[in-house]
There are 2 protein chains.
Amino acid sequence: MARFFLPPPLPRRGYLTLDGENAAHAKALRLREGERVTVCDGQGLELACSVDGARAGRLRLRIDGAEDSAAEPRVRVSIFAAFSKSDKLEHVVMKATELGAHEFVAFPSARCVSRPDGPSLARKLERWQKIAASAAGQSGRGRIPAVSAARSCEEALRLAAGKDLPIFLYENERRASLRGALTEGEFQTVSLVAGPEGGFTPEEAGAAREAGLRICTLGPRILRCETAPLCALSAILFACGELD
Amino acid sequence: MARFFLPPPLPRRGYLTLDGENAAHAKALRLREGERVTVCDGQGLELACSVDGARAGRLRLRIDGAEDSAAEPRVRVSIFAAFSKSDKLEHVVMKATELGAHEFVAFPSARCVSRPDGPSLARKLERWQKIAASAAGQSGRGRIPAVSAARSCEEALRLAAGKDLPIFLYENERRASLRGALTEGEFQTVSLVAGPEGGFTPEEAGAAREAGLRICTLGPRILRCETAPLCALSAILFACGELD
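My aim in this report is to walk through the structure given alongside it, one point at a time.

Concerning the nonpolar core
Here is step 1 of the chain: Counting 123 residues, the largest nonpolar core has Ile79, Ile167 and Phe168 of chain A together with Ile79, Ile167 and Phe168 of chain B as its most contacted members.
Here is step 2 of the chain: Leaving out residues up to four positions away in the same chain, Ile79 of chain A has contacts with Val92, Ala96, Ala101, Glu103, Phe104, Val105, Leu192, Pro229 and Leu233 of chain A.

What about unusual backbone geometry?
Apart from glycine, the bulk of residues carry a negative phi angle, and the bulk of peptide bonds sit in the trans form.
Residue and element names in this part refer to chain A.
Here is step 1 of the chain: Residues Pro8 and Pro9 are joined by a peptide bond in cis, for which omega reads -5°.
Here is step 2 of the chain: With respect to the secondary-structure elements, Pro9 resides in the loop between β1 (3–5) and β2 (14–18).
Here is step 3 of the chain: Of note in this structure, Ala56 is not a glycine but carries a positive phi near 50°.
Here is step 4 of the chain: Mapped onto the secondary structure, Ala56 falls in the loop between β4 (45–55) and β5 (58–68).

A closer look at the packing of helix α2 (residues 88–99) of chain B against helix α3 (residues 118–138) of chain B
Residues and elements named next belong to chain B.
Here is step 1 of the chain: The N-to-C vectors of α2 and α3 enclose an angle of 30°; their axes lie 8 Å apart at closest approach. Classified by the interaxial angle, the pair formed by α2 and α3 is roughly parallel. You can see that α2 and α3 cross each other, and the crossing is right-handed. Contacts between α2 and α3 involve Leu89, Glu90, Val93, Met94 and Thr97 from the first element and Arg127, Trp128, Ile131, Ala132, Ala135 and Ala136 from the second.

What about the relation of the copies chain B and chain A?
Here is step 1 of the chain: Its rotation angle being 180°, the transformation that places chain B on chain A also includes 0.0 Å of axial translation and leaves an RMSD of 0.1 Å. Interpreted geometrically, this transformation is the action of a two-fold axis. In terms of proximity to the rotation axis, the leading residue of chain B is Ala235 of chain B, whose C-alpha is 2.4 Å off the axis.
Here is step 2 of the chain: A symmetric contact is evident, with 100% of the interface residues of chain B recurring at the interface of chain A.

Some details on empty space enclosed by the protein
Here is step 1 of the chain: For the structure on display, the rule yields five cavities of 30 Å³ or more.
Here is step 2 of the chain: Here the largest cavity defines a volume of roughly 150 Å³.
Here is step 3 of the chain: Lining the largest cavity are 15 residues, and of these Leu99, Leu230 and Cys231 of chain A together with Leu230 and Cys231 of chain B lie nearest its centre.
Here is step 4 of the chain: Elements represented by at least two residues in the lining of the largest cavity include exactly α2 (88–99) and α7 (228–239) of chain A together with α2 and α7 (228–239) of chain B.

Focus: the sheet that holds β4 of chain A
All names here are of chain A.
Here is step 1 of the chain: If you trace the five strands from one edge of the open sheet to the other, you get β1-β3-β4-β5-β2, paired in mixed fashion. Only two strands of the sheet have a single neighbouring strand rather than two, namely β1 and β2. Within the sheet, the average angular offset between the axes of one strand and its neighbour, ignoring direction, is 40°.
Here is step 2 of the chain: Here β2 runs beside β5; their pairing, made up of five bridges, is antiparallel. For Leu18, the partnering residue across the bridge sits in β5 and is Leu59.

Points about the side chain of Glu98 of chain B
Here is step 1 of the chain: Within the secondary structure layout, Glu98 of chain B lies in helix α2.
Here is step 2 of the chain: If near-sequence neighbours (up to four positions away) are discounted, Glu98 of chain B is found in contact with Arg221, Ile222, Leu223, Arg224 and Thr227 of chain A together with Ser139 of chain B.

Basis of the calculations
- Residues numbered from 1 in each chain as written.
- Chains lettered and ligands numbered in written order.
- Predicted model: local features only at pLDDT ≥ 70, side-chain atom pairs only at ≥ 80, totals over all residues.
- Heavy atoms only, no water.
- Core = buried A, V, L, I, M, F, W, Y, C linked by side-chain atoms within 4.5 Å.
- Buried < 20%, exposed > 50% of the residue type's maximum accessible area, 1.4 Å probe, protein only.
- Contact = heavy atoms within 4.5 Å.
- Helix = DSSP H or I, 4+ residues; strand = E, 2+ residues; numbered from the N terminus.
- Axes fitted to C-alpha atoms, helices over the stretch in contact; angles between N-to-C directions.
- Parallel < 35°, antiparallel > 145°, perpendicular 65-115°, else oblique.
- Left-handed = near helix turned anticlockwise from the far one by under 90°.
- Least-squares fit on C-alpha atoms with pLDDT ≥ 70 in both.
- 1 Å grid on protein atoms, 1.4 Å probe; cavity = no way out; pocket = protein on both sides within 12 Å on 5 of 7 lines; lining within 4 Å.
- Points joined across faces, edges and corners; volume = space filled by probe spheres on them.
- Pairing = 2+ DSSP bridges.

Okay, structure coming up:
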C-alpha cells in the first residue's frame, strides 16, 4: 500500500490533502479514487485513508481510521556513529532505518578523517534526513528517525549515557559482551556508540567508561565501521523480540 | 598483523614462500626481516610466521607455530541468496564474510530480474569469491567462505534442507520467528535462504516448507533483499554467542 509522510500534528478524522512532492509521488503511482493509502506523521501515528479525488495537482484523501504504527519497535535504539569517509554513514542511516533504529547522532572523534562542519555538515544532515525518510517509507515504518550531530565526542558520550542501556562498541574490548549487557535488567532506550575507520582511541574508551557507558566487543572478527552498528542493532532487536 | 592466504595444504613447520600477488602485497607493506605475519590456508588453519628474507621478488617466511583460527564461528551459517539486481550480492558477500558466514550459494528464483548464467555467472562467481577472500583477510578470519551457485530454486532448497537448522526468510510469514527456530534443539549448521527484490512466491514458500525448511519472519518492517540475510546472520551469531 502506498505510504506518505506528512508533518505532525495530523487530524485523526476528516480529510487531508497531498500536495508538492507527495502529490507528484501519488501521480506517479496512478492512484485512483477509492484506492487505500497510508499517511504517517513520521512519529508513529498512521492514518488509513482512501483517495477522495484529485484537483489542480493535489490529491484529497478521506481519513478512515487512525492507529499507532505496528511496525515500530518498542525498544528505542539511538545510533551514535563517528564521522567516516565517503558514503558510509549514508549506508548506516539507510540500513539502520530499515532495521528499526530510533535516531542517529553523528559526531567527530579523534581518528575521524572526515570532520564536516558548517555548511558541509548542514548539507550532510539534510541528505541523511532525506535518506531516513525514504528508507522509513519503503520499510513500512511509522516513524522517521531524527538525524542530528553532536559537536564533540564528549557531547556524544554524554547524550548516549542518558539512555537506559548505553553501549560503546570497542574493538579492543575482549571480554564484556553485548549479550551480557542485554541480560542485566530492563531497558526501553539503548544507545549504540560506534567509531570511525580507525576505531576509538584508548582515551575515548576511558572517557566512555567514565561517562557510564558499557564497553562491549562484537566478537573476534574485525568489523568495518559501517558494519558494527548494524550488526549490534540487529542483535539488540532480535534479543528484544522485535524481529518476531 | 599482516595476513596472507595460501592454498591448502600448508606445512605446520619449516619454511614458506610468498610469491605473486602475496609478494607484491608484502612489498607494499614494507615487511622487514624478523617481522611477524599470519598465513592462513583459508580453511581455518593459521600459521604464525616471521619474515626470514627476500630474494628475487619472493618472500621467505619461517613458520613459528600453527593453530586453528580463533576468529571462526563454531556455528556454520550458509547463506543462500537469490540473484538480485546491480551489486547487491557483492554487498551481501562482503558483509556476511566480515560477520562470519560459512559459505554463499546464489540461485535463480521466480521473481529474479537478473539471472546470470554461462560466462556471465562464471565471472560473477569469480568476482564474489575475490570479494570473500579480501573481506576474510580484512576481518581477520581464518577461513574464506566458498561461493557457488545452484541451478534452480529447487536445488537451492534441497541443499539448504541438508543443514541442521534450515531457515527460509519469508516476508509474508507473520507468526513463526527466527527466535522460535533457534531455541528448539541443537545445531551446528544453519542455512539462511533469502529472496530477490520482489520476494519469494507463495509457491516457492510452499516448496520450502515441503522440503523441510523453517519459514521465518524478521518482524513487521520490510527489509530489502540485501538487508534481510545480514540481519538474520547477525541475530544467529549473537544467539549462538559468536559475538561474545
